Amino acid sequence: MNRRNILWSAISALGAAFGASSAKAATEAGAGNKLKVVYHLSDAEKVNFVLGNIQNHIDGVDGPDHVTIALVIHGPALKAFHSAQANPDISKRVGEFSKDGVELAACGNTMKAQNVTLTELLPGFVSAEKGGVVRLAELQSQGYLYLRP
């Protein structure tokens, strides 16, 4: 065999092994293990889109009992969740997500930069004191799948 064929064979074998492990993980998740997903939101213009994705995700798995979801917010997007300026639709969605067990984490660094405290955010938020990106990494290390719509 020439080098190109050897390389192609090695890449194909790795792809097959990866596909098999992904299929096994998907099967195991479907067999009773709850999928864990973290949504990352920093863009202010994507707030409604991401909240809609989370609701679609919950609906798509037949309710919040079948998935564990976290939402980590930092940067300009956090302003949409300030109690004083949040629109009623966002307030309603956040309340429903909180009741459904969605972790709503606000970046501690962004909170400082925006001069806002947890009590000034919509109810249900927790502080990602070490920062939003640190919380994202922590959740991923705990097996959460990372989504950034």
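Residues numbered from 1 in each chain as written. Predicted model: local features only at pLDDT ≥ 70, side-chain atom pairs only at ≥ 80, totals over all residues. Heavy atoms only, no water.

Undergrad: Report on the overall build of the protein chain, specifying residues and quantitative values.
TA: When helices and strands are counted, the protein chain shows five helices and five strands. Moving toward the C terminus, one meets the helices and strands of the protein chain in the order α-β-α-β-α-β-α-β-α-β. When burial is assessed residue by residue, the protein chain has 34% of its 149 residues classed as buried. Once local pairs closer than 6 in sequence are excluded, the contacts in the protein chain between residues at least 24 apart make up 71%. Total accessible area on the protein chain is roughly 8,800 Å²; 56% of this is exposed by carbon and sulfur atoms. (Helix = DSSP H or I, 4+ residues; strand = E, 2+ residues; numbered from the N terminus. Buried < 20%, exposed > 50% of the residue type's maximum accessible area, 1.4 Å probe, protein only. Contact = heavy atoms within 4.5 Å. Areas by Shrake-Rupley, 256 points an atom, 1.4 Å probe, with all protein chains shown as cover.)

Undergrad: Tell me about the packing of helix α2 (residues 47-60) against helix α3 (residues 88-99), and name the residues and values.
TA: Where α2 contacts α3, the axes come no closer than 11 Å and their chain directions differ by 35°. For the pair α2 and α3, the sense of crossing is left-handed. In this structure, α2 uses Val-47, Asn-48, Leu-51, Gly-52, Ile-54, Gln-55 and Ile-58 to contact α3, whose residues at the interface are Asp-89, Ile-90, Arg-93, Glu-96 and Phe-97. Partitioned by chemical class, the residues of the contact of α2 with α3 number six nonpolar, three polar and three charged. (Axes fitted to C-alpha atoms, helices over the stretch in contact; angles between N-to-C directions. Left-handed = near helix turned anticlockwise from the far one by under 90°. Nonpolar A, V, L, I, M, F, W, Y, C, P; charged D, E, K, R; others polar.)

Undergrad: Give a description of the sheet that holds strand β3 (residues 103-107) that names residues and reports values.
TA: The sheet built from five strands is open, its strands ordered β4-β3-β2-β1-β5 with parallel pairing. At either margin of the open sheet sits one strand with a lone partner, and together these are β4 (125-128) and β5 (145-147). Ignoring strand direction, the axes of neighbouring strands in this sheet form an average angle of 30°. Across four bridges, β3 lies against β4 in parallel orientation. Opposite Leu-104, over in β4, you have Phe-125 as the bridge partner. (Pairing = 2+ DSSP bridges.)

Undergrad: Help me get a handle on the environment of Gly-131, residues and values and all.
TA: Note on placement: Gly-131 falls in the loop between β4 and α5 (132-141). Of the residues examined, Gly-131 reaches a relative accessible area of 1% and is grouped as buried. Along the chain, Gly-131 and Ala-106 lie 25 residues apart, while their C-alpha atoms are 8.1 Å from each other. Among all residues touching Gly-131, those that are not within four sequence positions of it are Cys-107, Gly-108 and Asn-109.

Undergrad: Provide a residue-level description of the pairing of β3, including the pertinent values.
TA: The side chains of a regular strand alternate, residue by residue, between the two faces of the sheet. Of all five residues in β3, four are buried; the element is thus mostly enclosed. Note: strand β2 (residues 67-73) against β3, four bridges, orientation parallel. By the bridge assignment for β3, Val-72 is matched with Ala-105. Regarding the hand of the β-α-β motif, the stretch spanning β2, α3 and β3 is right-handed. (Right-handed = clockwise from strand over helix to strand, strands pointing away.)

Undergrad: Any chance you could break down α2 for me, citing the residues and the numbers?
TA: Between its first and last C-alpha, α2 extends 20 Å over 14 residues, near the 20 Å set by a 1.5 Å rise per residue. Taken together, the buried positions of α2 are Val-47, Val-50, Leu-51, Gly-52, Ile-54, His-57 and Ile-58. Packed against the buried residues of α2 are β1 (35-41), β2, α3 and β5. (Expected span 1.5 Å × (residues − 1).)

Undergrad: Break down the environment of Glu-45 for me, citing the residues and quoting the values.
TA: By secondary structure assignment, the location of Glu-45 is in the loop between β1 and α2. Taking the C-alpha atoms as reference, Glu-45 lies 9.6 Å from Ala-80; in sequence the two are 35 residues apart.

Undergrad: Can you tell me about the pattern of salt bridges, naming the residues and giving the values?
TA: Applying the stated criterion to the full structure yields six salt bridges. Arg-148 is the salt-bridge partner of Asp-43, the closest N and O atoms lying 3.9 Å from each other. Here the residue Asp-43 occupies a position in the loop between β1 and α2, and Arg-148 occupies one in the segment after β5, the gap between them amounting to 105 residues. For Asp-43, a relative accessible area of 24% translates into the label partly exposed. Owing to a relative accessible area of 42%, Arg-148 belongs among the partly exposed residues under this scheme. Connected via shared salt-bridge partners are Glu-103, Lys-130, Arg-135 and Glu-138. (Salt bridge = Lys/Arg side-chain N within 4 Å of Asp/Glu carboxyl O.)

Read these as spatial facts, not as claims about activity.
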